[in-house]
Amino acid sequence: MKRVVLSVVSAALLLAGCSSDSNSAGEPSSASSTPSPQETTRTLTDWAGEVCQARDLLELQVASVALGLDVDPGAGLDQLPELRAQVEGEIEVIQAGVDDLLTVVRSVPEDSPEVSAFVDEVDALVGSAQESANEAIVQLQNATEADNALLAGVAAVQAVAAAQSAYSDASEALVILNEVRNDSGGPLSQAFNDAPECA
């Protein structure tokens with residue numbers, strides 16, 4: 001009787017083993033059934049090309065900004081419509097350019113002391129330009145809501161000064177970008193030299 005029981009158990013174990021082997025052999029693994037697509041590695045040179053494109057666009061936008069804003073504090077509220085249109089036009093142009101540039105600069109695929117210093121410097125200037133632009137908007141609002149001509153004139157002058165500060169910071173960022181494009185030596189400068197967009 002014991003021999004019969006042992007034979008049955010052995011047969012059951014043998015069948016279970018065969019069944020397990022056949023399942024593992026017949027069912028492809030999830031890794032082999034769904035091949036992963038080839039990923040393209042974004043290099044420092046690719047990033048440099050994107051930075052140059054954003055930089056060139058910002059240069060065109062900054063060049064279109066007219067800084068010949070003559071503010072007469074004595075004109076008071078009479079000058080606000082024209083002044084506001086001028087300053088808001090400048091701010092819109094500058095903000096669009098610096099926002100795009102900042103997004104690209106912050107997306108650097110590699111990190112090194114040289115790259116980090118470059119990104120931080122551009123980031124600080126662009127951030128300052130954004131703050132100045134926002135300040136100009138606030139001062140324009142203050143000028144609009146001023147109770148008298150004197151306060152309106154003061155706020156208008158401050159709005160123009162903030163807009164010009166935004167322009168100055170954006171221009172300085174362009175200078176830094178030009179310098180790194182023209183420098184020689186180091187992986188950062190090499191990336192800008194190798195990028196076709198920076199030629």
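Residues numbered from 1 in each chain as written. Predicted model: local features only at pLDDT ≥ 70, side-chain atom pairs only at ≥ 80, totals over all residues. Heavy atoms only, no water.

## Here's the deal with the state of the cysteines
Inspection of the entire model under this criterion finds one disulfide. Through a disulfide, cysteine 52 is tied to cysteine 198; the S-S separation comes to 1.9 Å. Given an S-S torsion of about 105°, the disulfide between cysteine 52 and cysteine 198 has right-handed geometry. One end of the pair, cysteine 52, is in helix α3 (residues 44–63); the other, cysteine 198, is in the segment after α7 (187–194), with 146 residues separating them in the sequence. The exposure classification of cysteine 52 matches that of cysteine 198, with both residues buried. (Disulfide = S-S within 2.5 Å. Helix = DSSP H or I, 4+ residues; strand = E, 2+ residues; numbered from the N terminus. Buried < 20%, exposed > 50% of the residue type's maximum accessible area, 1.4 Å probe, protein only.)

## Observations regarding the pattern of salt bridges
Tallied over the entire structure, the rule returns four salt bridges. One salt bridge in this structure joins glutamate 59 and arginine 55, with 2.6 Å as the shortest N-O distance. Here glutamate 59 pairs with arginine 55, and both are found in helix α3, just four residues apart, close to one helical turn. For glutamate 59, a relative accessible area of 36% puts it in the partly exposed group. Among the ionic pairs, arginine 106 bridges to aspartate 123, the shortest N-O distance being 2.7 Å. Taken together, the positions of arginine 106 in helix α4 (residues 80–106) and aspartate 123 in helix α5 (residues 113–145) put the pair 17 residues apart, joining distant regions of the chain. A network of salt bridges, in which partner residues are shared, links Arg55, Asp56 and Glu59. (Salt bridge = Lys/Arg side-chain N within 4 Å of Asp/Glu carboxyl O.)

## With respect to the environment of phenylalanine 192
Along the polypeptide, phenylalanine 192 turns up in helix α7. Assessed through its relative accessible area of 2%, phenylalanine 192 is described here as buried. For the pair phenylalanine 192 and glycine 49, spaced 143 residues apart in sequence, the C-alpha separation works out to 6.9 Å. Beyond its immediate stretch of four places on either side in the chain, phenylalanine 192 contacts Trp47, Ala48, Val51, Cys52, Phe118, Val180, Arg181 and Cys198. (Contact = heavy atoms within 4.5 Å.)

## Section: the packing of aromatic side chains
In total, this model carries three aromatic pairs according to the counting rule given. Consider the rings of tryptophan 47 and phenylalanine 118, whose centres lie 6.0 Å apart with planes at 90°: the pair is edge-to-face. Here tryptophan 47 is found in helix α3, whereas its partner phenylalanine 118 is found in helix α5, with 71 residues between them in sequence. Judged by relative accessible area, which is 0%, tryptophan 47 ranks as buried. Taking relative accessible area as the criterion, phenylalanine 118 reaches 6% and is therefore assigned buried. With 5.8 Å between their ring centres and 70° between their planes, phenylalanine 118 and phenylalanine 192 make a pair best called edge-to-face. Of this pair, phenylalanine 118 sits in helix α5 while phenylalanine 192 sits in helix α7, and the two are 74 residues apart along the sequence. (Phe/Tyr/Trp six-rings, centres within 6.5 Å; stacked < 30°, edge-to-face > 60°.)

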